[in-house]
Amino acid sequence: RDTIKKYNEEKLNNNNYLTNNIIHSNWDGDSVAFGLQINGCVSNNIIKRGRLTLYMVKYCNVHSNIIYDSKSNGIGCSLPTENTIIQNNFIKRSIAARIKVMNQLEHGNFIRRKYNITIKNNKIYDSQYMGIELNDSDHLYVTNNTIKNAKLVDLYLLRCNNCIINNNYSNLEEIDS
């Protein structure tokens with residue numbers, strides 16, 4: 001409950017940047033956990049065999065990362081997270097969803113709000129489960145993503161409201177890498 005209170009009051013870690021790293025993990029969980037951040041950036045990293053997870057962040061930008069061979073999600077984004085952009089990432093061969101937005105209820109209940117999360121211009125290849133999975137979300141924008149060879153579902157929405165999903169491409173024969 002204290003975590004939700006700090007999030008709502010914006011008593012968060014400020015202006016942190018995780019850039020230009022090469023991260024290789026043998027653990028199935030988070031290789032990079034970017035949590036309780038405001039005005040931060042995760043960019044130009046190479047992450048192998050782990051996932052990048054955003055935990056309750058505001059005004060953050062996640063872009064131009066290469067994530068592959070994750071035993072879970074490529075990028076996870078826990079709610080509440082607000083005004084965050086996930087763009088221009090290349091995600092390949094993850095077991096679960098490449099990009100997943102989901103509730104983070106372990107810190108207590110919170111009021112749903114306009115999250116204003118944008119997921120755009122990502123290249124998502126060879127997921128064993130889903131391309132992009134959105135759960136319990138309000139006001140998400142998913143546009144111009146390329147999803148190729150998701151084994152189960154390309155785009156999945158569950159208990160979502162006021163989301164705009166447009167101009168995404170699935171299973172194109174020729175995609176430049």
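Details of the structure are given in the entry above.
Just so we're clear, the structure is a prediction, and the values are computed from it rather than from any experiment.

Rules behind the numbers
- Residues numbered from 1 in each chain as written.
- Predicted model: local features only at pLDDT ≥ 70, side-chain atom pairs only at ≥ 80, totals over all residues.
- Heavy atoms only, no water.
- Pairing = 2+ DSSP bridges.
- Helix = DSSP H or I, 4+ residues; strand = E, 2+ residues; numbered from the N terminus.
- Axes fitted to C-alpha atoms, helices over the stretch in contact; angles between N-to-C directions.
- Phe/Tyr/Trp six-rings, centres within 6.5 Å; stacked < 30°, edge-to-face > 60°.
- Buried < 20%, exposed > 50% of the residue type's maximum accessible area, 1.4 Å probe, protein only.
- Lys NZ or Arg CZ within 6 Å of the ring centre and 35° of its normal.
- Patch = residues over 30% accessible without salt bridge, like charges linked within 9 Å, V, L, I, M, F, W, Y side chains within 5 Å.
- Areas by Shrake-Rupley, 256 points an atom, 1.4 Å probe, with all protein chains shown as cover.
- Salt bridge = Lys/Arg side-chain N within 4 Å of Asp/Glu carboxyl O.
- Disulfide = S-S within 2.5 Å.

K.L.:
Could you give me a rundown of the sheet that holds strand E6 (residues 41-43), with the residues and numbers involved?
P.N.:
Spatially, 7 strands are ordered E2-E6-E9-E12-E15-E18-E21 in an open sheet, and the strand pairing comes out parallel. With one partner strand each, in any of the chains shown, strand E2 (17-19) and strand E21 (164-166) form the two edges of the open sheet. Between one strand and the next, the sheet's axes are offset by a mean angle of 5 degrees, whatever the strand orientation. Inspection of the sheet shows strand E12 (residues 85-87) paired to strand E15 (residues 117-120) by 3 bridges, in the parallel sense. Residue pairing across strands places Ile-85 opposite Thr-118, the latter belonging to E15.

K.L.:
Tell me what's going on with the packing of aromatic side chains, and back it up with residues and numbers.
P.N.:
This model, assessed by the stated rule, comprises 1 aromatic pair. On the basis of an interplanar angle of 75 degrees and a centroid distance of 5.2 Å, the ring pair of Phe-90 and Tyr-125 is categorised as edge-to-face. Note that Phe-90 is positioned in strand E13 (residues 90-92) and Tyr-125 in strand E16 (residues 123-125), a separation of 35 residues in sequence. By relative accessible area, Phe-90 is classed as partly exposed at 21%. When the ring centre of Tyr-7 is taken as origin, the NZ or CZ atom of Lys-58, which lies over that ring, is 4.5 Å away.

K.L.:
Requested: an account of a nonpolar patch on the surface, with residues and values cited.
P.N.:
Taken together, the side chains of Ile-22, Ile-46 and Ile-66 make up a nonpolar region of the molecular surface, amounting to roughly 270 Å² of accessible area. Position of Ile-46 relative to the elements: it lies in strand E7 (residues 46-48).

K.L.:
Tell me about the sheet that holds strand E22 (residues 169-170), and please be specific about residues and values.
P.N.:
Ordered in space as E3-E7-E10-E13-E16-E19-E22, the 7 strands form an open sheet in which the pairing is parallel. Pairing within the sheet leaves two strands with one partner each, and these edge strands are strand E3 (22-24) and E22. Two strands pair when backbone bridges link them, and E3 and E7 are joined in this way by 3 bridges, in the parallel orientation. For His-24, the partnering residue across the bridge sits in E7 and is Lys-48.

K.L.:
Mind laying out the state of the cysteines, listing which residues take part and the relevant values?
P.N.:
Scanning the model with the defined rule gives 0 disulfides in all. Of the cysteine sulfurs around Cys-60, a residue in no disulfide, the closest is that of Cys-41, at 8.3 Å. Among the cysteines around Cys-163, which has no disulfide bond, Cys-160 carries the closest sulfur, lying 4.6 Å off.

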